[in-house]
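Below, each chain spelled out in residue letters.
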Amino acid sequence: MDVHLKYAFGRFQEQFGSGPGLGPGSGTNLMKIDGIAPPFIKSVYRAAAALYRTDPWRRLRPGHLFGVRVGKDSDWSGKKHPFSCIQFIGGDGGDIGLYMFRSEDDAKKMTGPRETIRVPNLEVLRVTYDLDSVMLPSNKRFVVSLALEVSGEDRYPVIDVGRCTTTGELQFRNPTLEELRFVYAVMKGASLLHPLLQQDYGAAPKWSRVIYFEPFIETVDVQWPAEMAKGNDLVAVTISHPPGRGYQEKYSSSSSSTPTKHSEAQKEETFIDVKSNAAVCLRECMLCGEKVSREQSVCCGHCSAVVYCGSVCQKQHWKEGHKDVCGLYRAMMEREEELAMKIFIFNCSAEQPCKWLESLGIHQKGMWRRKCNCYFHCPYGLLPVPGGLWDSWGGLDENEYPHDSPFHNHFRDGISSSVFLSGWLEYYSLRSLPLTSPVADILSHPLTIYYILTAPNINSKNLLLKNKEVILHYIGPEGELDWMPAFAEIGHLLHGMGNIHIIMVGPEVPTNLSGTTSGIGSRVRVNLVRGLYQDEASYLPTPHVIMSLNCGLGSYSCWGGALDLIKSMNVPAYFTNESELSCSSSKQVLRAAGLHISYPVTPNPFRSPVRIFGTSTNFPSYSNCFLLGVNT
């Protein structure tokens, strides 16, 4: 009885006199759903935690209704989306959560000025973030037994479907397996897209404290976890405000469930080679390298991604290997808009880095000196050391770079806890950085390291959660040797977990730095070793993970010995490549070395956002873009 009274009083105290919500949690437990497995539940909790960390309640109120689509209607039972309208409740107090409605009309009927209106026979799916102190004992045991991820300050998501009877009573049930898949995709998509809402300053009355937003509609591809995928790894999530704004769905013969926007045809200038300023733009043949005019060039009819000087080279290249990657290129072309990373306001060519850096006022300053060739005469790792962190970031404004401090808005029991990131939007939101800040171009290396080490499918995450040390062999560092201040972010993300020992090995390590150890914060230390990995590895501590970013596997002959050694070590290894094109050659190099690629080439959420216009392809490519995993 004491437990019941404590629970009831806690919920009453939390909600007394506060905002919308249907009241205390129902006590539903996801473990009671037939067919659900622990990995599925963990993925749902990770998605809920990622959404909570973006803090949509800071700006959004129940009156802000959003339309939502996940894939196509045909992907769901009854050929209809389970829910088509969502709202965030709790911004003014009360239950903190995400409510999902069958239709916009249902949402309007149940949205009152202060409380959620109980309308008979209307169902609402709730994701409410309950405090650990007021959770039912059965749910507490469930969370502990599966070590589920916490959302913010001791809050955990409780997912149920509520319905009001004609007598005014509430009835709750567990969501179905299909509804949980839908909720997962919505939470992942919402965490990426809601920060993009732009305030409409002219729409709100002067006396109103509610933020008004400009009409909005965006689509992002969400990757299904392995236990949720049904034929496709990716699904398109579209969120619109107000709900009436929507894309017309365009069906094709492709098996992808991604809806296509009906928009104006892409302007031809988008794909102009930035090296050519002539009236007649030249394009480079993928096979022979000959430069021909746009009118004379030939594109692959299937993927429209690769350019040739004529049909002879096109046929020859098909036989030599394009047929093996044509399907991948077509998939990338279909996702061009998502790959363009429009979340960043800046968008430039990495082939003209000096011009870009000058436009930002950081050319030849701080760590940015390694982003162009102006300091090529200075060996890696030996750039003159600036005065402090502000100088390291080239004198950016105070709010434009991450400070050497914990994530103040991510605490548990008053202590900064570890952070699991899903992409740049979440990171920028947590650090309160404007999207105009260019720091992602340097941070892509340390955050890619953190993203891989905390991936659920390798043992390094378990070691970190047990407060143990993870040893990482980092092969072939170059510019990273001058970006050590940026690697301090790994330590701040690791609060609440173990330590990382990074051993950087490569021929570009300066002789006078070889053998040195640097402590970057309290949880990250870096050793530098000069030489080829295959020659030095036997003298190094046994690694838990091996990694090389933007490695150029097909460009350096010295990789042969390193890959043979990695194969014999049987240690998880990860490589990133600068573009989609280099992925093909890298896969061939890895397979020739007898290494097994554990999963298809996948986009890296922490790739650099600086756009490169390919000289022989139509689609954009990015530094540190694609991820290959071997021996995992």
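Residues numbered from 1 in each chain as written. Predicted model: local features only at pLDDT ≥ 70, side-chain atom pairs only at ≥ 80, totals over all residues. Heavy atoms only, no water.

## Looking at the overall build of the protein chain
Inference 1: Of regular secondary structure, the protein chain possesses 16 helices and 24 strands.
Inference 2: Within the protein chain, the fraction of its 632 residues that count as buried is 55%.
Inference 3: At a minimum sequence separation of 6, the contacts of the protein chain that also span at least 24 residues come to 68%.
Inference 4: Total accessible area on the protein chain stands at roughly 28000 Å², and carbon and sulfur atoms take up 51% of it. (Helix = DSSP H or I, 4+ residues; strand = E, 2+ residues; numbered from the N terminus. Buried < 20%, exposed > 50% of the residue type's maximum accessible area, 1.4 Å probe, protein only. Contact = heavy atoms within 4.5 Å. Areas by Shrake-Rupley, 256 points an atom, 1.4 Å probe, with all protein chains shown as cover.)

## Here we look at the pairing of strand β20 (residues 573-577)
Inference 1: Most of β20 is tucked away, with five of its five residues classed as buried.
Inference 2: Here β20 shows two buried faces, one formed by Ala 573, Phe 575 and Asn 577 and the other by Tyr 574 and Thr 576.
Inference 3: As paired strands, strand β19 (residues 545-548) and β20 are joined by three bridges and run parallel to one another. Bridge pairing in β20 places Ile 546 opposite Ala 573. (Pairing = 2+ DSSP bridges.)

## Here we look at the packing of helix α2 (residues 38-53) against helix α4 (residues 137-146)
Inference 1: Interhelical geometry of α2 versus α4 gives an angle of 100° and a closest axis separation of 11 Å. As the angle between them shows, α2 and α4 are arranged roughly perpendicular. Contact with α2, carried on its side by Pro 38, Ile 41, Lys 42 and Tyr 45, involves Phe 142, Val 143 and Leu 146 of α4 and no other residues of that element.
Inference 2: Its residues assigned to classes, the contact of α2 with α4 comprises six nonpolar, no polar and one charged. (Axes fitted to C-alpha atoms, helices over the stretch in contact; angles between N-to-C directions. Parallel < 35°, antiparallel > 145°, perpendicular 65-115°, else oblique. Nonpolar A, V, L, I, M, F, W, Y, C, P; charged D, E, K, R; others polar.)

## Side note on the nonpolar core
Inference 1: If you look at the biggest cluster of nonpolar residues, it comprises 59 residues, and the most contacted ones within it are Trp 393 and Ile 502.
Inference 2: Top element by residues in this core is helix α11 (residues 440-453). It accounts for eight residues.
Inference 3: Among the nonpolar cores identified, the runner-up in size contains 58 residues, and Leu 30, Phe 40, Ala 190 and Ile 211 belong to it. (Core = buried A, V, L, I, M, F, W, Y, C linked by side-chain atoms within 4.5 Å.)

## Some words on the state of the cysteines
Inference 1: In the structure shown here, the tally under the stated rule is zero disulfides.
Inference 2: In this model Cys 309 remains outside any disulfide bridge; the closest cysteine sulfur is found in Cys 313, 3.6 Å from its own.
Inference 3: The exposure class assigned to Cys 309 is partly exposed, which follows from its relative accessible area of 22%. (Disulfide = S-S within 2.5 Å.)

## Some words on unusual backbone geometry
Inference 1: Across the junction of His 241 and Pro 242, the peptide omega takes the value -5°, indicating a cis bond.
Inference 2: Note that Pro 242 resides in the loop between β8 (234-241) and β9 (282-284).
Inference 3: Of note, Lys 79 is a non-glycine position whose phi angle comes to about 55°, a positive value.
Inference 4: Its location among the elements puts Lys 79 in the loop between β1 (66-70) and β2 (85-89).
Inference 5: Phi angles above zero are rare outside glycine, and Ala 147 is one such case at about 50°.

## Focus: the confidence of the model for the protein chain
Detail in the predicted coordinates should be disregarded across regions flagged by low pLDDT.
Inference 1: With 78% of its residues at a pLDDT of 70 or more, the protein chain shows a mean pLDDT of 78.
Inference 2: Per-element confidence in the protein chain is highest for strand β15 (residues 469-475), whose mean pLDDT is 95, and lowest for strand β14 (residues 415-416), whose mean pLDDT is 44.
Inference 3: A low-confidence stretch, residues 411-416 stays under pLDDT 50, and its non-local contacts, those more than four residues away or across chains, total 16 contacts.
Inference 4: Low pLDDT, under 50, characterises residues 612-619; the stretch is placed with 35 contacts to residues that sit more than four places away or in other chains. (pLDDT = per-residue confidence, 0-100.)

## A word on the sheet that holds β2
Inference 1: Strand order across the open sheet formed by eight strands is β6-β5-β4-β3-β2-β1-β8-β7, with antiparallel pairing between neighbours. Unpaired on one side and paired on the other, β6 (170-173) and β7 (216-223) mark the two borders of the sheet. Averaged over all adjacent pairs, the angle separating strand axes in this sheet is 30°, with direction ignored.
Inference 2: Relative to β6, strand β5 (residues 155-164) is paired through four bridges, and the arrangement is antiparallel. Within the sheet, the bridge partner assigned to Cys 164 lies in β6 and is Leu 170.
Inference 3: The sheet strands contacting α2 are β2, β3 (97-101), β4 (123-131) and β5, and the helix crosses β5 at an angle near 100°.

## Focus on helix α8 (residues 353-360)
Inference 1: For α8, the complete set of buried residues consists of Pro 353, Trp 356 and Leu 357. With its buried residues spanning 95° around the axis, α8 presents them on a single face. For α8, exposure combined with an orientation more than 90 degrees from the buried face picks out Lys 355, Glu 358 and Ser 359.
Inference 2: Residues of α8 that are buried in the fold lie against α11.
Inference 3: Two residues or fewer past α8, Gly 361 is found with a positive phi of approximately 75°. (Arc of directions from axis to C-beta.)

## Here we look at the environment of Gln 171
Inference 1: Relative to the helices and strands, Gln 171 is located in strand β6.
Inference 2: For Gln 171, a relative accessible area of 41% corresponds to the partly exposed category.
Inference 3: For the pair formed by Gln 171 and Asn 121, sequence separation is 50 residues and the distance between their alpha carbons is 10.0 Å.
Inference 4: Not counting residues within four places of it along the chain, the set of residues in contact with Gln 171 comprises Val 161, Gly 162, Arg 163 and Thr 165.
Inference 5: Separated by 2.7 Å, the side chains of Gln 171 and Arg 163 make a polar contact. (Polar contact = N/O pair within 3.5 Å; in protein donor to acceptor, adjacent residues only side chain to side chain.)

## Let's talk about the pattern of salt bridges
Side chains bearing opposite charge may pair, as long as their charged atoms lie close to each other.
Inference 1: Taken as a whole and judged by the stated rule, the model has 13 salt bridges.
Inference 2: One salt bridge connects Glu 123 with Arg 173, and the closest N-O pair in it is separated by 3.3 Å. Of the two residues, Glu 123 is situated in strand β4 and Arg 173 in strand β6; the sequence distance between them amounts to 50 residues.
Inference 3: For Arg 525, the salt bridge goes to Glu 469, with nearest N and O atoms at 3.3 Å. (Salt bridge = Lys/Arg side-chain N within 4 Å of Asp/Glu carboxyl O.)

## Some details on the side chain of Arg 53
Inference 1: With respect to the helices, strands and loops of the structure, Arg 53 is situated in helix α2.
Inference 2: Its relative accessible area of 7% is what places Arg 53 among the buried residues.

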